[in-house]
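# Observations on the three-dimensional arrangement
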Amino acid sequence: MPLVVMCGFPCSGKSRRAQELKEYFLSKTDRKVYVVGDETVGVDKNSVYADSQKERNLRGALRAEVERKVNKEDVVILDSLNYIKGYRYELFCLIKHTQTPHCLVYCLTSAEVSSTWNKCGDVEKQYSQEILDALIMRFETPDSRNRWDSPLFTVQKEDTLPFEAISDAIFHRKAPPPNQSTQSQPLSSTNFLYELDKVTQDVLMAVLNAQKTSVPGEVLAVPGATEKIELTRSLNMAELRKLRRQFISYAKMHPTENIGQIANMFVQYLNKSMH
């Protein structure tokens, strides 16, 4: 079953575009079309995206649902944020394993537009501003040079979907060939990258929030770490993001077998960087 992966900020029009695609495929082909997403599994978005473990569970549930439905005939549309490139890579490994094509539809909006659309939606379905801002900050923009982000279709709010091009990409393009790693262990290769991305982001957000009520000289506790942040000076968002990128680059070169130590390693790195 060809897979269409939706991608974009929260409230960027992904669900509307997914519905447009579903209606197009149903009217132009005799294929079944399945939409899998946050709404179909029934989640409280503010609760899930505020808790890293709940978010991991959601991604796992969506991936499992896609895997259950995937075959070489019909269409699955994954309507979720899909904002982590490591997760998009896992989906790519999945379609390689099943030998079916896929494409990525990126709904490109500004943070301001997403915030406005969020406030216009049903109150019970709105993101809190804090969660919305955090998800936008964590968003990893797709890049067509990466095979897991290609073919990539970028659409802005006033654009018409390129229906024919998307159809051609998923119905007439050869599926990526499976390799030994995807055949034997299709979804396990990015566990470390997932944890590295998520844990460092959680620590970063904890430091930012703690600084609002702390002063230099205090010791800060962060989630998942026994080590404490020795706050010798304030760190702004730009500096924290730079330190996080540097640490991630280092950690990728020197991966640890003990994923539970990532938070402590990042805290130690931050402490050294502040002195």
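For the structure, check the block above.
In this report, we go over the structure that sits alongside the text.

Rules and cut-offs
Residues numbered from 1 in each chain as written. Predicted model: local features only at pLDDT ≥ 70, side-chain atom pairs only at ≥ 80, totals over all residues. Heavy atoms only, no water. Core = buried A, V, L, I, M, F, W, Y, C linked by side-chain atoms within 4.5 Å. Buried < 20%, exposed > 50% of the residue type's maximum accessible area, 1.4 Å probe, protein only. Helix = DSSP H or I, 4+ residues; strand = E, 2+ residues; numbered from the N terminus. Contact = heavy atoms within 4.5 Å. Phe/Tyr/Trp six-rings, centres within 6.5 Å; stacked < 30°, edge-to-face > 60°. Salt bridge = Lys/Arg side-chain N within 4 Å of Asp/Glu carboxyl O. Pairing = 2+ DSSP bridges. Disulfide = S-S within 2.5 Å. Expected span 1.5 Å × (residues − 1). Arc of directions from axis to C-beta. Polar contact = N/O pair within 3.5 Å; in protein donor to acceptor, adjacent residues only side chain to side chain. Axes fitted to C-alpha atoms, helices over the stretch in contact; angles between N-to-C directions. Parallel < 35°, antiparallel > 145°, perpendicular 65-115°, else oblique. Nonpolar A, V, L, I, M, F, W, Y, C, P; charged D, E, K, R; others polar.

## Side note on the nonpolar core
Among the nonpolar cores identified, the biggest contains 31 residues, and Leu 3, Tyr 49, Val 66, Leu 78, Tyr 87, Tyr 127 and Leu 135 are the most heavily contacted of them. Every element with two or more residues in this core is listed here: strand S1 (3-8), helix H4 (52-69), strand S3 (75-79), helix H5 (85-98), strand S4 (102-108) and helix H7 (129-138). Looking at this core, the element that brings in the most residues is H5, giving five residues. Apart from residues lying up to four places away in sequence, Leu 3 is in contact with Val 66, Val 76, Leu 78, Ile 95, Pro 101, His 102, Cys 103 and Ile 170.

## Structural notes on the packing of aromatic side chains
Under the definition given, this model contains ten aromatic pairs. Ring centres of Tyr 49 and Tyr 127 lie 6.4 Å apart, and the angle between their planes is 40 degrees; this geometry places the pair in the tilted category. One end of the pair, Tyr 49, is in the loop between helix H3 (45-48) and H4; the other, Tyr 127, is in the loop between helix H6 (111-120) and H7, with 78 residues separating them in the sequence. By the burial criterion, Tyr 49 is buried, and Tyr 127 matches it.

## Here we look at the pattern of salt bridges
One pass over the structure, following the stated rule, counts 13 salt bridges. The shortest N-O distance in the salt bridge between Arg 17 and Glu 20 comes to 3.3 Å. Note that Arg 17 and Glu 20 are positioned in helix H1 (residues 14-28) at a spacing of three residues, about one turn of the helix. The class of Arg 17 is buried, set by a relative accessible area of 3%. In this structure, Glu 65 and Arg 68 form a salt bridge, with 2.4 Å as the shortest nitrogen-oxygen distance. Pair noted here: Glu 65 and Arg 68 are both in helix H4, with a separation of three residues, about one helical turn. Judged by relative accessible area, Arg 68 falls into the exposed class, the value being 60%.

## As for the pairing of S4
Most of S4 is tucked away, with six of its seven residues classed as buried. Of the strand pairs in this sheet, S4 and strand S5 (residues 152-156) are connected by five bridges, and their pairing is parallel. Each residue of the ladder has a partner; that of Tyr 106, found in S5, is Thr 154.

## Overview of the state of the cysteines
What the rule picks out here adds up to zero disulfides. In this model Cys 103 remains outside any disulfide bridge; the closest cysteine sulfur is found in Cys 107, 11 Å from its own. Taking the relative accessible area as the measure of exposure, Cys 103 reaches 0% and is therefore buried.

## Looking at H7
Most of H7 sits out of view: seven of its ten residues are buried. For H7, every residue scored as buried is listed here: Ile 131, Leu 132, Ala 134, Leu 135, Ile 136, Met 137 and Arg 138.

## Structural notes on H4
Spanning 18 residues, H4 covers 26 Å between terminal C-alpha atoms, matching the ideal 26 Å at 1.5 Å per step. For H4, the set of buried residues is Ser 52, Glu 55, Leu 58, Arg 59, Leu 62, Arg 63 and Val 66. Taken down its axis, H4 places every buried residue within 130 degrees of arc, on the same side. For H4, the capping residue at the N-terminal end is Asp 51, with a side-chain oxygen 2.9 Å from the backbone nitrogen of Gln 53.

## Some details on the environment of Val 113
Mapping Val 113 onto the fold places it in helix H6. The sequence separation of Val 113 and Leu 231 amounts to 118 residues, and the corresponding C-alpha distance is 35 Å.

## Considerations on the sheet that holds strand S2 (residues 33-37)
The five strands lie next to each other as S2-S3-S1-S4-S5, forming an open sheet whose pairing is parallel. Both outer strands of the open sheet, S2 and S5, are each paired with one neighbouring strand and no more. Strand-to-strand twist across the sheet, computed as the mean angle between neighbouring axes with direction ignored, equals 20 degrees. In this sheet, S3 lies alongside S1 in parallel orientation, the contact comprising three bridges. When the sheet's bridge partners are listed, Val 5 is paired in S3 with Leu 78. Most of the contacts of helix H8 (residues 163-171) go to S4, to which it runs at about 150 degrees, and overall it touches S1, S3, S4 and S5.

## A few points about the packing of H1 against H8
Direction vectors running N to C along H1 and H8 enclose 70 degrees, while the axes themselves pass 11 Å from each other. Here H8 runs roughly perpendicular to H1, going by the angle between their axes. Taking contact as the criterion, the partners of Glu 20, Leu 21, Tyr 24 and Phe 25 in H1 are, on H8, Phe 163, Glu 164, Ile 166, Ser 167, Ile 170 and Phe 171. Partitioning the contact of H1 with H8 into residue classes produces seven nonpolar, one polar and two charged.

Any functional reading would require information that these geometric values do not contain.
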